[in-house]
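Descriptive analysis of the structure
Spelled out, the chains give:
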Amino acid sequence: MSAVQANGITIEYEQIGPPDAPVILLIMGLGMQLIAWPESFCEGLAARGFRVVRFDNRDAGLSTRMPSAGSLATKVMMARALFGLRVKPPYTLDDMARDTVGLMDALGIGQAHVVGASMGGMIAQIVAIEHPERVKSLTSIMSTSGDRALPGPKGKVRRALLRPRPRDKAMAVRRYMEMFRLIGGAGYPPTEDELRARVERAVRRSYRPDGFGRQLIAIQTAPSRVLKLRGVRAPTLVLHGSHDPLVPLAGGEDTAANIFGARLRIVPGMGHFLPEALIPLLVDEIAGHCLGAEDEARSGVRRAAGGSL
C-alpha cells in the first residue's frame, strides 16, 4: 500500500492489476476501510482486465484523521443530524468527493469507472455530478439519492448507529459483528468465520470511533442529490439488495429512477454487506457494466434508455 497527498490530506491507497489497464476506482462506506472491499472482489475485477484502485476515506483506515470537536460534541451532532436538526458538519460528502478526485489527480488517472458502496455510493454520485469528465461509468451499490422522503434505517439499525463506539478493541470487534449480523441480510448472512476474520483484521489495522461519527454527520447533513442526478450521463449501474435494513431498497430504486439510462440490478436476499457468496455475481455485473461503458466510449454511442432487472 502507498499514500499520496490530495485535497490537503493524506490518502492511503492500494492498486491491483495491470498499470496500463482501464481504472476501476472503489469508494467504501461509513466507517469502513479499503480492505472492506474483499480481496476476491478486487482480484476478480483485475482478472477481467482492470486496474483496481481502492483507498481509505478521510477519517478511516490509514488516511488522515480529521480534527475532533470532542467526543460529547460529536455525539450531540450525530444525534441531531440523524433526526434532521440543523448541524454544521466537520466536513461534507462534497469534501470527500474532492478527496476522491484529488487522489485521481495524484495518481495521474484522467478517467475512471467509479464504484461506490453505501456512503461510497453517495460520494461516487457526487463525483459523477460535479466532475462528469472524470467518470467513464458509475456504479452505485446499496446507496441512495439522498431524498429525505425515502425510508431510512430500520429501528434496530438506527439505534445501533447511535450507540457510543466502544474504546476497547475487543469490545469493538463484538459490536461490529453484532452490527453486521443485523444488516447482513437473511439471504446471504456472513458466516461467523468470515465475519470475525474481516472484523478482526479491520480493527487491528485501524480503529477510529470518532471518525465514524464525523462521517455519519456528513451523510445525514448532505442535501438531496435528486435534481442533480438527473443531469448525470455516465453509464450507470445501480446494485441493491432486496433485504437491506440500513439503506432500504427504495434508495437504490430512486437513484436509478433519477439517472438517465441507469440499470437497476436488485439482488434477492442481499443485505448491507458484500459476502463471499455474492462476489462472483458482483464481479460479473460490475465488470460487464464497465466493459460495456468502454465499448460505448470507443463507438461514441450512449445508452438511450434505462431498464430494470
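Quick note: structure is the one above.
Right, let's walk through the structure included here. Keep in mind it's a predicted model, so treat the numbers as computed, not measured.

Rules used throughout
Residues numbered from 1 in each chain as written. Predicted model: local features only at pLDDT ≥ 70, side-chain atom pairs only at ≥ 80, totals over all residues. Heavy atoms only, no water. Salt bridge = Lys/Arg side-chain N within 4 Å of Asp/Glu carboxyl O. Helix = DSSP H or I, 4+ residues; strand = E, 2+ residues; numbered from the N terminus. Buried < 20%, exposed > 50% of the residue type's maximum accessible area, 1.4 Å probe, protein only. Expected span 1.5 Å × (residues − 1). Contact = heavy atoms within 4.5 Å. Pairing = 2+ DSSP bridges. 1 Å grid on protein atoms, 1.4 Å probe; cavity = no way out; pocket = protein on both sides within 12 Å on 5 of 7 lines; lining within 4 Å. Points joined across faces, edges and corners; volume = space filled by probe spheres on them. Nonpolar A, V, L, I, M, F, W, Y, C, P; charged D, E, K, R; others polar. Core = buried A, V, L, I, M, F, W, Y, C linked by side-chain atoms within 4.5 Å. Axes fitted to C-alpha atoms, helices over the stretch in contact; angles between N-to-C directions. Parallel < 35°, antiparallel > 145°, perpendicular 65-115°, else oblique.

Moving on: the pattern of salt bridges. Within the structure shown, the criterion is met by 21 salt bridges. Between Glu194 and Arg198 there is a salt bridge whose closest N-O contact spans 3.0 Å. Taken together, the positions of Glu194 and Arg198, both in helix 7 (residues 192-205) and four residues apart, correspond to about one turn of that helix. Residue Glu200 pairs with Arg196 through a salt bridge whose shortest N-O separation is 3.2 Å. Within this pair, Glu200 and its partner Arg196 are both found in helix 7, separated by four residues, close to a single helical turn. With a relative accessible area of 30%, Glu200 lands in the partly exposed category.

Quick look at helix 8 (residues 209-220) now. Residues spaced three or four apart along an α-helix point in a common direction, a consequence of the helix completing one turn every 3.6 residues. With 12 residues, helix 8 extends 17 Å from end C-alpha to end C-alpha; this agrees with the ideal 16 Å at 1.5 Å per step. Among the 12 residues of helix 8, 11 are classified as buried, and the element is accordingly described as predominantly covered. Inspection of helix 8 places Pro209, Gly211, Phe212, Gly213, Arg214, Gln215, Leu216, Ile217, Ala218, Ile219 and Gln220 among the buried residues, and these make up the whole buried set. Here the buried face of helix 8 lies against helix 2 (71-82), helix 3 (93-106), helix 4 (119-130) and helix 5 (155-162).

Turning our attention to the pairing of strand 2 (residues 9-16). The element strand 2 is largely enclosed, with a buried count of six among its eight residues. Pairing of strand 1 (residues 2-6) with strand 2, which is carried by five bridges, proceeds in the antiparallel orientation. Bridge pairing links Ala3 to Glu12 in strand 2. Counting the residues between successive antiparallel strands, the hairpin from strand 1 to strand 2 contains two residues, one of them, Asn7, with a positive phi of roughly 55 degrees. Of the pairings in the sheet, the one linking strand 2 to strand 4 (residues 51-55) comprises four bridges and is antiparallel in character. Looking across to strand 4, one finds that Ile16 is bridged to Val52.

Attention shifts here to the layout of surface pockets. As a volume, the second largest pocket reaches approximately 220 Å³. Lining the second largest pocket are 14 residues; nearest its centre among them are Asp94, Ile126, Ala222, Pro223 and Arg225. For the lining of the second largest pocket, the secondary-structure elements that each account for two or more residues are helix 3 and helix 4. Counting residues per element, the lining of the second largest pocket draws most heavily on helix 4, which supplies three residues. Of the residues contributing to the lining of the second largest pocket, the split by class is seven nonpolar, three polar and four charged.

Looking now at the nonpolar core. Ranked by internal contacts, the top residues of the largest apolar core, which has 69 residues, are Leu93, Leu103, Ile123 and Val199. Sort the elements by how many residues they give to this core and helix 4 lands first, with eight residues. For Leu93, the residues in contact, after removing those within four places along its chain, are Met119, Met122, Ile123, Ile126, Ala218, Ile219, Ala222 and Arg225. Judged by nonpolar contacts, the second largest core, of 28 residues, contains Ile16, Leu45, Val283 and Ala287.

In this section: the packing of helix 2 against helix 5. Running from N to C, helix 2 and helix 5 point in directions that differ by 155 degrees, and their axes come no closer than 10 Å. For the element pair helix 2 / helix 5, the angle class is roughly antiparallel. Contacts between helix 2 and helix 5 involve Met78, Ala79 and Leu82 on the former and, on the latter, Arg158, Leu161 and Leu162. Its residues placed into classes, the contact of helix 2 with helix 5 shows five nonpolar, no polar and one charged.

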